Amino acid sequence: MKATTKTTYQIPVGPIHPALKEPVMFEFEISGEKIVDVDVQLGHVHRSVEWAGMRRNPIQILYLAERICGICSFCHPIAFARAIENAADIEVPERAQYLRVIQGELERICSHMLWAGVAAHEIGFDSVLFLTWQMREKALDLTEFLTGNRVTKAITMIGGVRRDITKDMLPTINEALTYLKDNFEKLRHIFLDDKTVKMRSQGCGVLTYDDAMKLCAVGPTTRASGVKKDVRLDQAYLTYPDLDFDYVTPDVLTGEVNGDVYDRIIVRLLEVKQSIDLIEQCIDKMPAGEIISEPKIPKLLATLKKARGEGIGVHEAPRGEVIHYVKLDGEHENPYTWKVRAPTYNNILAWIPMLLGEQIADIPIVAASTDPCMSCTNRVAVVHNNKRYILDAEKLHQLSIEKTRRIMI
Amino acid sequence: MTKNKEIMAPEEIVKYFKDEFKTKIKDSRIEKRTTGINKTPFVNIWLKVDKSIFKRSIKHLMNIQFPHLAVVSGNDLDKIIELIYHFSLYFGKRNAEIYLNIAVELPKSNPTIETISDLIPGAVITEREKQEMLGVIIKGIPDNRRVFISDDFPKGVYPWRKDETGPEKMVRNLHEVMKK
């Protein structure tokens, strides 16, 4: 028999991938420990949300949009509501815009903290996982206090929001924000000054400025590579132009941009601080007034049925730019077309340059560093010398922990 | 990578395209909205270009700046399929961003269009999605596989089509689909 000359082997990772427990399938071409090629396969949780939406009226779609993603349950309805408001020329009261910003920023705090905990877990730092999630609990309590729900908030309406913030609620909000601010410093110290975190994340999973631009990456992933792209600052929407804040890129802190995992940690952490600050600014500046332009839903639906036009709604979700496109034909109650684009859609291709040349043990932390949001399997099958054996998520996680231990010695 | 030299006004951008392509720009619309206490404006430009100059218009756009392609969306308009490319320009500067939406109409009898992934590599996934969802053919696409729909989904059924090639029949007779 002729001996094979092939020196690389393939490992499929997924469909439940090892970082965040969501379905995406990677096929890695491995040479020794090094990744030489990556292919990404998607679609394991495609639920035809857009198709279903085109058979529902805009109010019903708000609820459907909220269920696209558990973590971004504010981002999708707000992007959809903005698209409809643009298509049908609906004015939104000033106070409602402030309330929307508060919800958007609160969601960012919850999401970034969730990610920080998962990232710490991926490199075997479980005490930090518990610390961050303890803090996140406070942010979730605040969400529940403001909206009535911890996850699916049901706060967005077309033309405004559903619930107001009254004077008697302010002490509870201030107390929660003070708690987050006081504990943020501890978190910042652990993530940004700790030797282990630095060792595992610096110089790993690099995405260059050029690649980030070419692959149309969005959110903290692209900002960590030095591309200043943040919808909140780029375009005037909600009340962001009236608030005082700036782009967060890693050079704000370290003076340089490397585009590695460490830089993505910096961007997300500093954004938590920024979001707390934005909520405080909103509470200070919020004018009195209505919170919704048309509270009667049948009347609103009748207006939308007659409306004709197309609109796009964009919002900076925790993971980056989310965009919805809506076309109304003026005859039907249901939108003619509804297109949803979540941020991870644009960040998928960015994984390829990040993962090339890295080691198998780095897959979890690099994949987690873009904070992917899809849904992932619990096993990894390794095909080596035509023998097939299964590596489960625990084993892969173990490899990651072992690498941390190894480089600490 | 080209960095933006100076920021063009929305009217200038429309003129920039009209000067180059004359009547091949079939429609143009500037949509301006303001928000906040200071009434800060935000601009959406909608352009409709002829299929024959589509690729050239994207190249022309790239002379302004390397754009960010947000997504490609599409409409099934009976006899034609309309694709809309949503680009973002001038991001990175506060409140300076302009959204440029370039629409192109393809006849349903021959729904082919050139790929732009050679110019903007990040366009591949959204182009693949348009192939499977709307049944358009992207000429020269580097990766021809399906992206979201599974491989055992029948060929010739396109979920976003509103005619007989849409999935309505399948949805009504789900029990038959299961048998296969």
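Look a little higher up for the structure.
Anyway, here's the lowdown on the structure attached to this text. (Residues numbered from 1 in each chain as written. Chains lettered and ligands numbered in written order. Predicted model: local features only at pLDDT ≥ 70, side-chain atom pairs only at ≥ 80, totals over all residues. Heavy atoms only, no water.)

1. Comments concerning the packing of aromatic side chains
All names here are of chain B. Definition in use: Between the rings of Phe, Tyr and Trp (Trp by its six-membered ring), a pair exists once the centres lie within 6.5 Å; its type follows the angle of the planes, with under 30 degrees stacked, over 60 edge-to-face, and the other angles tilted. For helices the rule is a DSSP run of H or I covering at least 4 residues; for strands it is a run of E covering at least 2, with both sets numbered from the N terminus onward. A simple rule labels every residue: compare its accessible area, found with a 1.4 Å probe on the protein chains alone, to the largest value its type can have, and call it buried under 20%, exposed over 50%, or partly exposed in between.
Using the criterion set out here, one finds eight aromatic pairs over all chains in the structure. Each ring, one from phenylalanine 42 and one from tyrosine 99, has its centre 6.4 Å from the other, and the planes form 70°; the classification is edge-to-face. You can see phenylalanine 42 sitting in strand β2 (residues 40-49) and its partner tyrosine 99 sitting in strand β5 (residues 98-107), a full 57 residues away along the chain. Owing to a relative accessible area of 7%, phenylalanine 42 belongs among the buried residues under this scheme. A relative accessible area of 0% places tyrosine 99 in the buried class. Here tyrosine 85 and phenylalanine 87 contribute two aromatic rings whose centre-to-centre distance is 6.5 Å and whose plane-to-plane angle is 15°, an arrangement assigned as stacked.

2. Structural notes on the pairing of β2(B)
Residues and elements named next belong to chain B. So the rule is basically this: Pairing between two strands is assigned when DSSP locates at least 2 bridges connecting them.
Burial analysis of β2 places eight of its 10 residues in the buried class, which makes it a mostly covered element. Judged from the 10 bridges that link them, strand β1 (residues 25-35) and β2 form a sheet pairing that is antiparallel. Along β2, the bridge assignment pairs threonine 34 with proline 41. Adjacent in sequence and paired antiparallel, β1 and β2 are bridged by four residues, among which glycine 36 carries a positive phi angle near 80°. The sheet contact formed by β2 and β5 spans seven bridges and is parallel. Across the sheet, the residue bridging to isoleucine 45 is leucine 100, located in β5.

3. Quick look at helix α14 (residues 343-355) of chain A
Residue and element names in this part refer to chain A. Threshold: Residue count minus one, scaled by 1.5 Å, sets the expected span of a helix.
Counted at 1.5 Å a residue, the expected span for α14 with its 13 residues is 18 Å, and the 19 Å between its end C-alpha atoms agrees. Counted residue by residue, α14 has 11 buried out of 13 residues, so it is predominantly covered. Here α14 has its buried residues at Pro343, Thr344, Tyr345, Asn346, Asn347, Ile348, Leu349, Ala350, Trp351, Met354 and Leu355. Phi turns positive, to about 85°, at glycine 357, one or two residues after α14.

4. Considerations on the sheet that holds strand β8 (residues 337-341) of chain A
Residues and elements named next belong to chain A. Note the following rule: Here an angle of 0 to 180 degrees is reported between the N-to-C directions of two axes, which are lines fitted to C-alpha atoms, with helices fitted over the stretch in contact. Contact criterion: two residues are considered in contact whenever any of their non-hydrogen atoms come within 4.5 Å of each other.
Across the sheet, three strands lie side by side as β6-β7-β8; this open sheet has antiparallel pairing. A strand with exactly one partner marks an edge of an open sheet, and here the two such strands are β6 (308-317) and β8. Direction aside, neighbouring strands of the sheet carry axes that sit 10° apart on average. Of the strand pairs in this sheet, β6 and strand β7 (residues 320-329) are connected by 10 bridges, and their pairing is antiparallel. Counterpart to glycine 311 in the pairing with β7 is valine 326. Packing against the sheet, α14 makes contact with β6, β7 and β8, and its axis sits at approximately 45° to β8.

5. A word on the nonpolar core
Keep this limit in mind: The nonpolar core is taken to be a set of buried Ala, Val, Leu, Ile, Met, Phe, Trp, Tyr and Cys residues, with the residues joined through side-chain atoms within 4.5 Å.
Core analysis: the largest hydrophobic core is formed by 184 residues, its most contacted members being A:Phe28, A:Ile158, A:Trp338, B:Tyr85 and B:Phe87. Beyond its immediate chain neighbours, meaning those up to four positions away, A:Ile158 contacts A:Pro58, A:Ile59, A:Leu62, A:Phe80, A:Ala81, A:Ile84, A:Glu85, A:Ile90, A:Ile292, A:Leu300 and A:Leu304.

6. Focus: the pattern of salt bridges
Convention followed: Put simply, a salt bridge is a Lys or Arg side-chain nitrogen that is within 4 Å of an Asp or Glu carboxyl oxygen.
Within this structure, the stated rule accounts for 39 salt bridges over all chains. Between A:Asp39 and B:Arg145 there is a salt bridge, with the nearest N and O atoms lying 2.8 Å from each other. Of this pair, A:Asp39 sits in strand β3 (residues 34-41) while B:Arg145 sits in the loop between β7 (137-139) and α4 (168-172), each in a different chain. A relative accessible area of 22% means that A:Asp39 is categorised as partly exposed. For B:Arg145, a relative accessible area of 36% corresponds to the partly exposed category. Taken together, the shared-partner salt bridges in this structure form one network comprising A:Glu105, A:Arg108, A:Arg223, A:Asp230, A:Arg232, A:Glu271 and A:Glu316.

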